[in-house]
Amino acid sequence: MSASTTANLRHDWSLAEVKALFVQPFNDLLFQAQTVHRAHFDANRVQVSTLLSIKTGACPEDCKYCPQSGHYNTGLEKEKLLEVQKVLEEAARAKAIGSTRFCMGAAWKHPSAKDMPYVLEMVKGVKAMGLETCMTLGRLDQDQTQALAQAGLDYYNHNLDTSPEFYGSIITTRTYSERLQTLAYVRDSGMKICSGGILGMGESLDDRANLLIQLANLPEHPESVPINMLVKVAGTPLENAEDIDPFDFIRMLAVARIMMPQSHVRLSAGREAMNEQMQAMAFFAGANSIFYGDKLLTTANPQADKDMQLFARLGIQPEAREEHADEVHQAAIEQALVEQKSSEQFYNAAV
């Protein structure tokens, strides 16, 4: 990134400025967002990621939106940490259907010392396939962050979820400052940041604006900014939340694009409830990343072939990334699998 380009990125957004973006006429907002988008990205390329739950359920956090929380009865079965080989098989499948980034999520408040060796082997194995690697494991300490970076983790996902002002209405088991501290550790380690939030939890316009301000006013913008639409799950406190207006959701994507012009803005959870027209408008507003596949951790996601059909109709191509030679990939994968044969690969991470 050149010095002149970096100088154009702002980290001093005010609430008044961001609200002014939100409330301008819809067509003007989308035109501004599309203009910014084209200055930094190919408007007809979308980065494609696949997300796998490597450990599901029984999370000690009380996030009111989450079916994996152990505080709520959502009918979700508690599962053990996936064995490393299974994760690598899923990553190979994701690559075969066109994903360039493989994201692994565990329902933890934070990883324990016994979890880390398995997690690090997953990172090494997926990285060896030529895929970008991403994980979301909850709060990290500095040593864990460094270990993940040394294993080759490219991105760490740690969402802020909402504004600091509204946060306490959604989560009480982890503070906002803890989330920001984890992001600081990630940045200091040299890894890239994936951080965004959720719309439709009862937040105000000020809350949406303040979430984006928190992200855009970080010393460096997150490389990936997922914008999620609440997926209402029976048994969670937000199962009866009021639906978000689709145009308000598109406005959030557009404002995120304007404020963080070089970040990938991800059209994330909630796509199952969006028709093709809404998704097309999201791409026009500056979204240029999606999760691809049949499932987003524990909730439905449009099937991969439906995504490719929509891409074809819109003239969109998956964003490519530079890869190593296939024989190098294969050798590294085989080595990673050999190293796992003598170790216990499947254990109860909830213990």
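On a predicted model such as this, the values are computed, not experimentally measured, just so you know. (Residues numbered from 1 in each chain as written. Predicted model: local features only at pLDDT ≥ 70, side-chain atom pairs only at ≥ 80, totals over all residues. Heavy atoms only, no water.)

Can you lay out the environment of arginine 45 for me, pointing to particular residues and giving the numbers?
By secondary structure assignment, the location of arginine 45 is in strand β1 (residues 45-55). Arginine 45 gets classed as partly exposed once you look at its relative accessible area, which sits at 33%. Separated by 274 residues in sequence, arginine 45 and glutamate 319 have C-alpha atoms that sit 5.1 Å apart. Contacts of arginine 45, omitting those with residues within four sequence positions, involve Asn288, Gln317, Pro318 and Glu319. Here the side chain of arginine 45 touches proline 318 through a polar contact of 3.0 Å, landing on its backbone oxygen. (Helix = DSSP H or I, 4+ residues; strand = E, 2+ residues; numbered from the N terminus. Buried < 20%, exposed > 50% of the residue type's maximum accessible area, 1.4 Å probe, protein only. Contact = heavy atoms within 4.5 Å. Polar contact = N/O pair within 3.5 Å; in protein donor to acceptor, adjacent residues only side chain to side chain.)

I'd like to hear about the nonpolar core, residue by residue, with values.
One finds Tyr65, Met135, Leu148, Phe249 and Leu253 to be the most contacted residues of the largest nonpolar core, which totals 92 residues. Considering every element that reaches this core, the biggest residue donor is helix α10 (residues 246-259), with nine residues. Dropping the residues within four chain positions of it, phenylalanine 249 is found in contact with Leu199, Ile227, Asn228, Met229, Ile244, Leu267, Met274 and Met278. In terms of nonpolar packing, the next biggest core, distinct from the first, is built from six residues, Leu51, Cys103, Cys134 and Phe291 among them. (Core = buried A, V, L, I, M, F, W, Y, C linked by side-chain atoms within 4.5 Å.)

Outline helix α3 (residues 26-40), listing residues and values.
An ideal rise of 1.5 Å per residue puts 21 Å on 15 residues; α3 measures up with 22 Å between its terminal C-alpha atoms. The complete set of buried residues in α3 reads Phe26, Leu29, Leu30, Ala33, Gln34, Val36 and His37. Buried residues of α3 fall within an arc of 165° about the axis and therefore sit on the same side. Those residues of α3 that are exposed and angled more than 90 degrees off the buried face are Asn27, Phe31, Arg38 and Ala39. (Expected span 1.5 Å × (residues − 1). Arc of directions from axis to C-beta.)

Residue-level account of the packing of aromatic side chains, with values.
A complete count under the given rule lists three aromatic pairs for this structure. Centre to centre, the rings of tyrosine 167 and tyrosine 176 are 5.1 Å apart; their planes meet at 85°, and the pair counts as edge-to-face. Accessibility assignment for this pair places tyrosine 167 and tyrosine 176 in one class, buried. The interplanar angle of 75° and the centroid separation of 6.0 Å between the aromatic rings of phenylalanine 283 and phenylalanine 311 together place this pair among those described as edge-to-face. Of this pair, phenylalanine 283 sits in helix α11 (residues 276-284) while phenylalanine 311 sits in helix α12 (residues 304-314), and the two are 28 residues apart along the sequence. The burial state of phenylalanine 283 is the same as that of phenylalanine 311; both residues are buried. Looking at arginine 10, its charged tip hangs above the ring of tryptophan 13, at a distance of 4.1 Å from the centre. It is arginine 101 that lies over the ring of tyrosine 155; its NZ or CZ is 3.8 Å from the centre. (Phe/Tyr/Trp six-rings, centres within 6.5 Å; stacked < 30°, edge-to-face > 60°. Lys NZ or Arg CZ within 6 Å of the ring centre and 35° of its normal.)

Provide a residue-level description of the pattern of salt bridges, including the pertinent values.
A complete count under the given rule lists 17 salt bridges for this structure. Ionic pairing is found between arginine 101 and glutamate 132, a salt bridge with its closest N-O pair at 3.0 Å. Here glutamate 132 lies in strand β3 (residues 132-136) and arginine 101 lies in strand β2 (residues 101-106), a separation of 31 residues in the sequence. Each member of the pair, arginine 101 together with glutamate 132, is buried. For arginine 187, the salt bridge goes to glutamate 220, with nearest N and O atoms at 4.0 Å. Separated by 33 residues along the polypeptide, arginine 187 in helix α8 (residues 176-189) and glutamate 220 in the loop between α9 (205-216) and β7 (224-229) bring together distant segments of the chain. (Salt bridge = Lys/Arg side-chain N within 4 Å of Asp/Glu carboxyl O.)

So what's going on with the pairing of β1? Which residues, and what values?
A regular strand carries its side chains on alternate faces of the sheet. The element β1 is largely enclosed, with a buried count of ten among its eleven residues. Sheet topology places β1 next to strand β12 (residues 317-318); two bridges connect them, and they run parallel. Bridge pairing in β12 links valine 46 to proline 318. Pairing of β1 with strand β9 (residues 289-291), which is carried by three bridges, proceeds in the parallel orientation. Bridging from a neighbouring strand, glutamine 47 pairs with serine 289 of β9. The pairing of β1 with β2 spans six bridges and is classified as parallel. Bridge assignment links leucine 51 to a residue of β2, and that residue is cysteine 103. (Pairing = 2+ DSSP bridges.)

Pulling in residues and values, what's your account of the packing of α9 against α10?
The contact between α9 and α10 brings their axes to 11 Å, and the two run at 25°. With respect to α10, the axis of α9 lies roughly parallel. Crossing hand, α9 versus α10: right-handed. Residue-level contacts link Arg208, Leu211, Leu212, Ile213 and Ala216 of α9 to Asp248, Met252, Val255, Ala256 and Met259 of α10. Residue composition of the contact of α9 with α10, grouped by class: eight nonpolar, no polar and two charged. (Axes fitted to C-alpha atoms, helices over the stretch in contact; angles between N-to-C directions. Parallel < 35°, antiparallel > 145°, perpendicular 65-115°, else oblique. Left-handed = near helix turned anticlockwise from the far one by under 90°. Nonpolar A, V, L, I, M, F, W, Y, C, P; charged D, E, K, R; others polar.)

Explain the side chain of histidine 264 residue by residue, including any values.
Positionally, histidine 264 belongs in strand β8 (residues 264-267). Side chain to side chain, histidine 264 and glutamate 319 meet in a polar contact 3.0 Å long.

Could you give an account of the UniProt feature "binding site: [2Fe-2S] cluster" (unreviewed entry) in the protein, naming the residues involved and the relevant values?
UniProt's entry tags Cys103, Cys134, Cys194 and Arg266 with the feature "binding site: [2Fe-2S] cluster" (unreviewed entry), counted in the numbering of this structure. Of the residues just listed, which span 164 residues, no C-alpha pair is farther apart than 13.9 Å, and they cluster in one region. The exposure class of cysteine 134 is buried, given its relative accessible area of 3%. Apart from the residues within four sequence positions on either side, cysteine 134 is in contact with Arg101, Phe102, Cys103, Met104, Leu153, Tyr155 and Asn157. Along the chain, cysteine 194 turns up in strand β5 (residues 192-194). When its relative accessible area of 2% is taken as the criterion, cysteine 194 is described as buried. (UniProt positions renumbered as here; feature names shortened; annotations may be inferred.)

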